[in-house]
Amino acid sequence: MHVEYKKEDKLLILKIEEEIDHHTSEKIRKRADYEIQIHIPRKVIFDFVNVTFMDSSGIGMLIGRYKLVSMFRRKNEYD
């Protein structure tokens, strides 16, 4: 599994290659959470062009990152 993280202004792009399963989704989640908390982007784009397989744990990881980014966006609206 290979993941690239690229920040552009208030946009974070995660380019993922190969498979996203139970084992790899945990690694992606930890690193994505770190990048989101450091950069506090307005939007996160997951690039799945080179993903060959994704199971339900990958979908759960995506939903969790959506909730995390949404939480930061709401917090920034009130600040």
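As the structure is a computational prediction, the values presented were derived from the model and not from experiment.

Definitions and limits used
- Residues numbered from 1 in each chain as written.
- Predicted model: local features only at pLDDT ≥ 70, side-chain atom pairs only at ≥ 80, totals over all residues.
- Heavy atoms only, no water.
- Helix = DSSP H or I, 4+ residues; strand = E, 2+ residues; numbered from the N terminus.
- Expected span 1.5 Å × (residues − 1).
- Buried < 20%, exposed > 50% of the residue type's maximum accessible area, 1.4 Å probe, protein only.
- Polar contact = N/O pair within 3.5 Å; in protein donor to acceptor, adjacent residues only side chain to side chain.
- Core = buried A, V, L, I, M, F, W, Y, C linked by side-chain atoms within 4.5 Å.
- Contact = heavy atoms within 4.5 Å.
- Patch = residues over 30% accessible without salt bridge, like charges linked within 9 Å, V, L, I, M, F, W, Y side chains within 5 Å.
- Areas by Shrake-Rupley, 256 points an atom, 1.4 Å probe, with all protein chains shown as cover.
- Salt bridge = Lys/Arg side-chain N within 4 Å of Asp/Glu carboxyl O.

**Quick notes on helix 1 (residues 22-39)**
Phase 1: The end-to-end C-alpha distance of helix 1, which contains 18 residues, comes to 26 Å, matching closely the 26 Å that a straight helix rising 1.5 Å per residue would cover.
Phase 2: Every buried residue belonging to helix 1 is among Thr 24, Ser 25, Ile 28, Ala 32, Asp 33, Glu 35 and Ile 36, and all of these are buried.
Phase 3: With a side-chain oxygen lying 3.2 Å from the backbone nitrogen of His 23, the N-terminal cap of helix 1 falls on Asp 21.
Phase 4: Downstream of helix 1 by one or two residues, Ile 40 has phi in the positive range, about 45°.

**Describing the nonpolar core**
Within soluble globular proteins, side chains that are nonpolar tend to cluster in buried spots.
Phase 1: Counting residues in hydrophobic clusters, the biggest one holds 15 residues, and the most contacted among them are Leu 14, Ile 16, Ile 28 and Ile 36.
Phase 2: Residue assignment for this core shows that the elements contributing at least two residues are strand 1 (2-8), strand 2 (11-20), helix 1, strand 3 (43-54) and helix 2 (56-78).
Phase 3: Not counting chain neighbours up to four residues away, the residues in contact with Ile 16 comprise His 2, Val 3, Ile 28, Phe 46, Asp 47, Phe 48, Asn 50 and Val 51.

**Observations concerning a nonpolar patch on the surface**
Phase 1: Side chains of Met 54, Ile 59 and Ile 63 sit close together on the surface and give an oily, nonpolar patch of about 250 Å² of accessible area.
Phase 2: Along the chain, Ile 63 turns up in helix 2.

**Section: the pattern of salt bridges**
Oppositely charged side chains can pair when the atoms bearing their charge come close.
Phase 1: For the coordinates displayed, the defined rule picks out five salt bridges.
Phase 2: In this structure, Glu 8 and Lys 6 form a salt bridge, with 3.2 Å as the shortest nitrogen-oxygen distance.
Phase 3: The partner of Arg 31 in a salt bridge is Glu 35, and the shortest N-O contact between them spans 2.8 Å. Within this pair, Arg 31 and its partner Glu 35 are both found in helix 1, separated by four residues, close to a single helical turn.
Phase 4: Its relative accessible area of 40% is what places Arg 31 among the partly exposed residues.

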